[in-house]
Amino acid sequence: MKFAVIVFPGSNCDLDMYHAIKDELGEEVEYVWHDETDLSGFDGVLLPGGFSYGDYLRCGAISRFSNVMSEVVKAAEAGKPVLGVCNGFQVLTEAGLLPGALLRNKNLKFMCRTVGLKVENNETQFTSEYSKDEVIQIPIAHGEGNYYCDEETLTRLKENNQIVFTYASENPNGSIEDIAGIVNEKGNVLGMMPHPERAANDIMGGSDGLALFKSIVKHWRESHVNQA
């Protein structure tokens with residue numbers, strides 16, 4: 001499986017994402033600059049964290065208009081897995097690939113620490129290697145991670161089982177219903193504020209995030225390689 005790590009001006013977690021895929025997962029991966037106009041050669045797309053375009057206007061608001069985003073939309077529409085982490089999640093909401101928005105943290109402070117996440121839905125292509133209700137330890141690092149949506153959207157997220165991760169014991173940012181990560185209705189686009197790529201090796205403090213990437217590869221192989 002071959003992944004694209006999208007790099008915007010201001011991205012700073014692209015190296016972490018690349019390392020998780022290449023060195024921990026053992027899969028193919030390439031950095032893809034924001035002005036690229038063709039992602040057809042990739043099987044999955046990863047939007048890393050950081051401060052794309054300096055977070056001017058709103059987090060992800062300018063990145064949403066980068067050339068590569070039209071290709072990310074095409075990949076999502078084609079059913080390819082698309083993962084947006086932290087700033088990547090913000091970009092996905094700005095692009096309309098995921099509902100809702102990320103607001104300033106409730107305490108108006110940037111927070112960087114490890115938190116417990118509860119796996120609400122382990123039947124997605126991103127979470128099949130977890131158990132339902134499993135609590136995993138994943139780092140956060142954000143100032144605008146307060147997920148918000150209107151009541152109609154929240155009802156739809158619940159009905160469609162689109163809430164994938166919630167904060168287990170402590171809601172660090174004020175997100176509605178403790179939401180930490182959601183998928184689109186098709187289930188192939190995941191946005192989450194915590195950083196699974198920073199929890200891919202025990203040497204770095206924990207490896208609970210690695211199962212997320214293993215889940216993506218497992219689903220892809222079952223859908224492509226095993227049917228070939």
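None of these values were measured; they are calculated from a predicted model.

1. Points about the UniProt feature "active site" (unreviewed entry) in the chain
Thinking step 1. Taking the UniProt record as the reference, the feature "active site" (unreviewed entry) is found at C86, H195 and E197. On the basis of their most widely separated C-alpha atoms, the annotated residues across 112 residues gather in one place, lying no more than 11.0 Å apart.
Thinking step 2. Assignment of secondary structure puts H195 in the loop between β11 (189-192) and α5 (210-225).
Thinking step 3. The buried category is assigned to H195, whose relative accessible area is 1%.

2. Topic: the pattern of salt bridges
Thinking step 1. Going through the model one piece at a time under the given rule, you end up with twelve salt bridges.
Thinking step 2. Between E94 and R58 there is a salt bridge, and its shortest N-O distance comes to 2.8 Å. Here E94, found in helix α3 (residues 87-94), pairs with R58, found in the loop between β3 (44-47) and α2 (67-77); they are 36 residues apart in sequence, far enough to count as distant.
Thinking step 3. Note that R156 and E185 form a salt bridge whose closest N and O atoms lie 3.7 Å from each other. Of this pair, R156 sits in helix α4 (residues 151-159) while E185 sits in the loop between β10 (179-183) and β11; the two residues are 29 residues apart in sequence, bridging distant segments of the chain.
Thinking step 4. Relative accessible area serves as the criterion here: at 32%, R156 is assigned to the partly exposed category.
Thinking step 5. One continuous salt-bridge network, built from bridges that share partners, spans K118, K132 and D133.

3. Some remarks on unusual backbone geometry
Thinking step 1. For E177, which is not a glycine, the phi torsion comes out positive at approximately 55°.
Thinking step 2. Relative to the helices and strands, E177 resides in the loop between β9 (163-167) and β10.
Thinking step 3. Residue E177 is classed as partly exposed on the basis of its relative accessible area, which comes to 43%.
Thinking step 4. Of note in this structure, D178 is not a glycine but carries a positive phi near 60°.
Thinking step 5. Take D178: it is sitting in the loop between β9 and β10.

4. A closer look at the packing of helix α1 (residues 14-25) against α5
Axes are the key here: two packed helices are described by the angle between their axes and the distance separating the axes.
Thinking step 1. Direction vectors running N to C along α1 and α5 enclose 70°, while the axes themselves pass 11 Å from each other. Viewed along their axes, α1 and α5 adopt a mutual orientation that is roughly perpendicular. Of α5, the residues touching α1 (which contributes M17, A20, I21, E24 and L25) are L210, F213, K214 and V217.
Thinking step 2. Looking at the contact of α1 with α5, its residues break down into seven nonpolar, no polar and two charged.

5. Quick word on the pairing of β11
Thinking step 1. Burial of the side chains of β11 extends over both faces: V189 and G191 are buried on one face and L190 and M192 on the other.
Thinking step 2. Inspection of the sheet shows strand β4 (residues 82-85) paired to β11 by four bridges, in the parallel sense. In the sheet register, V82 faces β11, and the bridge partner there is V189.
Thinking step 3. Looking at chain direction, β10 and β11 are connected through three bridges and run antiparallel. Following the sheet pairing, V183 is matched in β11 by L190.
Thinking step 4. Between β10 and β11, which pair antiparallel one after the other, the connecting turn spans five residues, and G187 there sits at a positive phi close to 85°.

6. A closer look at the sheet that holds strand β1 (residues 2-7)
Thinking step 1. Sheet architecture is open: nine strands sit in the order β2-β1-β3-β4-β11-β10-β9-β6-β7, paired in mixed fashion. The outermost strands of the open sheet, each flanked by one partner alone, are β2 (28-33) and β7 (135-142). Put simply, the sheet's adjacent strands are angled 25° from each other on average, direction ignored.
Thinking step 2. Most of the contacts of α2 go to β3, to which it runs at about 130°, and overall it touches β1, β2, β3, β4 and β11.

7. Observations concerning α3
Thinking step 1. Buried residues dominate α3, accounting for seven of its eight residues.
Thinking step 2. If you check which residues of α3 are buried, you get N87, G88, F89, Q90, V91, L92 and T93.
Thinking step 3. Just beyond α3, the residue with positive phi is G96, at close to 80°.

8. Side note on the environment of W220
Thinking step 1. Relative to the helices and strands, W220 resides in helix α5.
Thinking step 2. Considered as a pair, W220 and G44 are 176 residues apart in the sequence and their alpha carbons are 9.0 Å apart.
Thinking step 3. Once residues lying within four places of it in the same chain are set aside, the contact partners of W220 are M1, D43 and V225.

Reading the values: the criteria
- Starting afresh in each chain, residues are numbered from 1 along the sequence in its written order.
- Per-residue local features are limited, in this predicted model, to residues with pLDDT of at least 70; the limit for side-chain atom pairs, both in listing and counting, is 80 or more; totals at the level of whole chains, interfaces and linings are taken over all residues.
- The basis for the side-chain values is all heavy atoms of the structure; hydrogens and waters are excluded.
- UniProt positions are given in the numbering used here, feature names are shortened, and annotations may be inferred rather than shown by experiment.
- Runs of E in the DSSP output that reach at least two residues are strands. Runs of H or I that reach at least four are helices, and both are numbered from the N terminus.
- Only protein chains enter the area calculation, which uses a 1.4 Å probe; residues under 20% of their type maximum are buried, those over 50% are exposed, and those in between are partly exposed.
- Whenever a carboxyl oxygen of Asp or Glu lies within 4 Å of a side-chain nitrogen of Lys or Arg, that contact is scored as a salt bridge.
- Angles run from 0 to 180 degrees between N-to-C directions of axes, and those axes are lines fitted to C-alpha atoms, restricted for helices to the stretch in contact.
- Throughout, the term roughly parallel applies to angles under 35 degrees, roughly antiparallel to angles over 145, roughly perpendicular to angles from 65 to 115, and oblique to all others.
- Whether two residues are in contact is decided by their heavy atoms, any of which lying within 4.5 Å being enough.
- Following the grouping adopted for this structure description, the nonpolar residues are Ala, Val, Leu, Ile, Met, Phe, Trp, Tyr, Cys and Pro, the charged ones are Asp, Glu, Lys and Arg, and the polar ones are all others, Gly among them.
- Strand pairing is assigned whenever DSSP identifies at least 2 bridges connecting the two strands.

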